[in-house]
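Here is how the chains run, residue by residue.
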Amino acid sequence: HNCLGIGRKMCAPDKQTEDDVIINRKWTLTCRPNGKMCPHGDVALRTEEISKISLKKDEILVETIVLSCDAFIRTMLDEEAYHGVVALGGTLPAIGYGRVVAAGPDATFKVGTLVSGMMGAQTHAKIR
């Protein structure tokens, strides 16, 4: 803590607490599939920390409840695709439904709101 004052301590935290950090698990593209996708080589499950206090003013953090595995997503793993291309190392796309668990001060949706959209294949998504 960065403490100010003499006698009685008045402290301002100099780092975030455990409650400010969310552990996100996400599937990322490690290499472009050649024909049929190989779940043991083309993708990897990664873990990362997302800080709630790092959200931009208009950003929300959504905890995923349900994800949809749509066939068009496979085409996005190729180097060229009609629906857009997933970069190597990028999160696999997935349409989902979830609950807002953190929100920037100017975010359209507030904590507790149920939302749907392109979440990505992950447990938590930062969305603007």
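Residues numbered from 1 in each chain as written. Predicted model: local features only at pLDDT ≥ 70, side-chain atom pairs only at ≥ 80, totals over all residues. Heavy atoms only, no water.

S.K.: Sorry if this is basic, but what is going on with the sheet that holds strand β7 (residues 114–118) here?
M.R.: Remark on secondary structure: sheet strands pair via backbone hydrogen bonds, oriented parallel or antiparallel. The strand order across the open sheet built from four strands is β7-β6-β5-β8, with neighbouring strands paired in antiparallel fashion. What marks the edges here is a single partner per strand, and that holds for β7 and β8 (124–127). Between one strand axis and the next, the sheet turns by 45° as a mean value, whatever way the strands run. (Pairing = 2+ DSSP bridges. Helix = DSSP H or I, 4+ residues; strand = E, 2+ residues; numbered from the N terminus. Axes fitted to C-alpha atoms, helices over the stretch in contact; angles between N-to-C directions.)

S.K.: Sorry, what's going on with the pattern of salt bridges here?
M.R.: Pairing between side chains of opposite charge can happen when the charged atoms of each approach one another. Under the definition given, this model contains three salt bridges. We note a salt bridge from Glu 48 to Lys 26, for which the minimum N-O separation is 3.3 Å. Here the residue Glu 48 occupies a position in strand β4 (residues 43–51), and Lys 26 occupies one in strand β3 (residues 21–29), the gap between them amounting to 22 residues. In this structure Glu 48 comes out as partly exposed when scored by relative accessible area, which is 28%. Residue classification places Lys 26 among the buried positions, given a relative accessible area of 15%. Of the charged contacts, one joins Asp 58 and Arg 128 as a salt bridge, the two residues approaching to 3.2 Å between their closest N and O atoms. Of the two residues, Asp 58 sits in the loop between β4 and β5 (60–68) while Arg 128 sits in the segment after β8, which places them 70 residues apart along the sequence. You can call Asp 58 partly exposed: its relative accessible area is 35%. (Salt bridge = Lys/Arg side-chain N within 4 Å of Asp/Glu carboxyl O. Buried < 20%, exposed > 50% of the residue type's maximum accessible area, 1.4 Å probe, protein only.)

S.K.: I would appreciate a short explanation of the nonpolar core in the present structure.
M.R.: One broad rule of soluble globular proteins: the nonpolar side chains tend to lie buried together. Leu 29, Val 43, Met 76, Leu 77, Val 86, Leu 92, Ala 94 and Ala 121 together form the largest nonpolar core, which totals eight residues. Apart from residues no more than four positions distant in its own chain, Met 76 is found in contact with Arg 32, Ala 81, His 83, Gly 84, Val 85, Val 86 and Pro 93. In terms of nonpolar packing, the next biggest core, distinct from the first, is built from seven residues, Ile 60, Val 62, Ala 107 and Met 119 among them. (Core = buried A, V, L, I, M, F, W, Y, C linked by side-chain atoms within 4.5 Å. Contact = heavy atoms within 4.5 Å.)

S.K.: Explain the side chain of His 124 here, please?
M.R.: Positionally, His 124 belongs in strand β8. One polar contact links His 124 to Thr 123, side chain to side chain, over a distance of 3.0 Å. Aside from chain neighbours lying at most four places away, what touches His 124 is Ile 22, Ile 23, Asn 24, Ile 50, Leu 61, Val 62, Glu 63, Thr 64 and Val 101. (Polar contact = N/O pair within 3.5 Å; in protein donor to acceptor, adjacent residues only side chain to side chain.)

S.K.: When you look at the environment of Phe 72 in this model, what are you seeing that I'm missing?
M.R.: Positionally, Phe 72 belongs in helix α1 (residues 72–75). Residue Phe 72 is classed as partly exposed on the basis of its relative accessible area of 26%. Spatially, the C-alpha atoms of Phe 72 and Ala 94 are 10.0 Å apart, while their sequence positions differ by 22 residues. Once you skip the residues sitting within four places of it in the chain, Phe 72 turns out to touch His 83, Ile 95 and Met 118.

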